[in-house]
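Here's the letter readout for the chains.
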Amino acid sequence: MIPKKLLNKSRVKSPWLIHFDCGSCNGCDIEVLACLTPLYDVERFGILNVGNPKHADILVVTGTVNHRNQKALKNVYDQMPEPKVVVAIGACGSTGGIFREAYNVVGGVDQVIPVDSYVPGCAPKPERIIDGIVLALEKLAEKGKRVDEGIFERLAGTREAISAR
Ligand code: SF4
């Protein structure tokens, strides 16, 4: 069996990330993409960009949540396995930004799903985005410990039940 510490360390040292655009102006998306280029090289933290929420540990959201995309955002979040963290990028992702008062806007990402790290700016620089993701990794480690405790407790319970038979 994998030791608890190793399980959590591997999760935090090789987190997989999915990017969801909630209807941004694409300013923030360009900066998120810049993080993946050799210049900023977010992969040096072991981070890998994936397309399937079922494989992802980190959800990075750009843009303002509106009435049309809020269900899609919740759907992506719900498909991600625990432990998971969410990073809201830019003024739009954090609060709704300049579109906040628009008739079709719900607001920031935290109006629909819990957010672990906010990255302010319009658009934020890649360095700030990477800072926000690294902050989220610390939260992922904390959440991971709690989830692993639950898994190992359940496994221990199952073993006791089997040996009692
Ligand atoms: S925060 Fe600024 S750059 Fe980012 S999506 Fe909103 S308006 Fe565009």
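First things first, this report covers the structure right here in the doc. (Residues numbered from 1 in each chain as written. Predicted model: local features only at pLDDT ≥ 70, side-chain atom pairs only at ≥ 80, totals over all residues. Heavy atoms only, no water.)

A separate point is the pairing of strand S3 (residues 58–62). Taking burial as the measure, the five residues of S3 include five buried ones, the bulk of the element. Residues of S3 alternate between two faces, with Ile58, Val60 and Thr62 on one and Leu59 and Val61 on the opposite face, all of them buried. Sheet analysis places strand S1 (residues 16–21) next to S3, joined by five bridges and oriented parallel. In the sheet register, Asp21 faces S3, and the bridge partner there is Thr62. Strand direction decides the pairing type here: S3 and strand S5 (residues 85–89), joined by five bridges, are parallel. Paired with Leu59 across the two strands is Val86, which belongs to S5. (Buried < 20%, exposed > 50% of the residue type's maximum accessible area, 1.4 Å probe, protein only. Helix = DSSP H or I, 4+ residues; strand = E, 2+ residues; numbered from the N terminus. Pairing = 2+ DSSP bridges.)

As a further point, take the nonpolar core. Counting 20 residues, the largest nonpolar core has Ile58, Val60, Val87, Ile89, Ile129 and Ile133 as the members making the most contacts within it. One finds Val50, Leu59, Val65 and Leu73 within the second-largest nonpolar core, a separate group that totals 18 residues. (Core = buried A, V, L, I, M, F, W, Y, C linked by side-chain atoms within 4.5 Å.)

What follows covers the sheet that holds S1. Ordered in space as S2-S1-S3-S5-S7, the five strands form an open sheet in which the pairing is parallel. Each edge of the open sheet is held by one strand with a lone partner, namely strand S2 (48–49) and strand S7 (117–119). Judged from the three bridges that link them, S5 and S7 form a sheet pairing that is parallel. Pairing of Ala88 across the sheet is with Tyr118, part of S7. Where helix H2 (residues 27–35) meets the sheet, its contacts fall on S1, S3 and S5, and the angle it forms with S3 comes to roughly 145°. (Contact = heavy atoms within 4.5 Å. Axes fitted to C-alpha atoms, helices over the stretch in contact; angles between N-to-C directions.)

A word on the site of the ligand. Taken together, Ser24, Cys25, Gly27, Cys28, Ala91, Cys92, Gly121, Cys122 and Ala123 make up the full set of residues near the ligand. Among the elements of the structure, H2 and helix H4 (90–95) are those that each provide at least two residues to the shell around the ligand. (Near = heavy atom within 4 Å.)

Enumeration over the complete set of coordinates arrives at two salt bridges. Notably, a salt bridge pairs Lys143 with Asp116, separated by 3.0 Å at the nearest N-O pair. Residue Lys143 is located in helix H5 (residues 126–164), and its partner Asp116 is located in the loop between strand S6 (105–107) and S7; the two are separated by 27 residues in the primary sequence. Judged by its relative accessible area of 21%, Lys143 is partly exposed. (Salt bridge = Lys/Arg side-chain N within 4 Å of Asp/Glu carboxyl O.)

By the burial criterion, the buried members of helix H3 (residues 70–79) are Leu73, Val76 and Tyr77. Along the axis of H3, the buried positions cluster into a sector of 100°, meaning they face one direction only. Taken together, the buried residues of H3 touch S1, S3, strand S4 (65–66) and S5. (Arc of directions from axis to C-beta.)

Attention shifts here to the packing of aromatic side chains. Counted according to the given criterion, the structure contains zero aromatic pairs. Looking at Lys84, its charged tip hangs above the ring of Tyr77, at a distance of 4.1 Å from the centre. (Phe/Tyr/Trp six-rings, centres within 6.5 Å; stacked < 30°, edge-to-face > 60°. Lys NZ or Arg CZ within 6 Å of the ring centre and 35° of its normal.)

Assignment of secondary structure puts Asp29 in helix H2. No salt bridge is formed by the buried Asp29, whose closest oppositely charged neighbour, Arg68, lies at an N-O distance of 16 Å. Among the polar contacts listed, one links the side chain of Asp29 to the side chain of His19, at a separation of 2.9 Å. If we ignore the near neighbours within four places in the chain, the residues touching Asp29 are His19, Asp21, Ser24 and Thr62. (Lys, Arg positive; Asp, Glu negative; His and termini not counted. Polar contact = N/O pair within 3.5 Å; in protein donor to acceptor, adjacent residues only side chain to side chain.)

Once that is clear, we can look at unusual backbone geometry. Backbone torsion omega between Glu82 and Pro83 reads -5°, so that peptide bond is classified as cis. Here Pro83 shows up in the loop between H3 and S5. Cis geometry is found at the peptide bond from Cys122 to Ala123, where omega equals -10°. Structurally, the position occupied by Ala123 is in the loop between S7 and H5. With a phi close to 85°, Asn26 is a non-glycine residue in the positive phi region. Position of Asn26 among the secondary structure elements: in the loop between S1 and H2. For Asp41, which is not a glycine, the phi torsion comes out positive at approximately 50°.

Geometry only, nothing functional implied.
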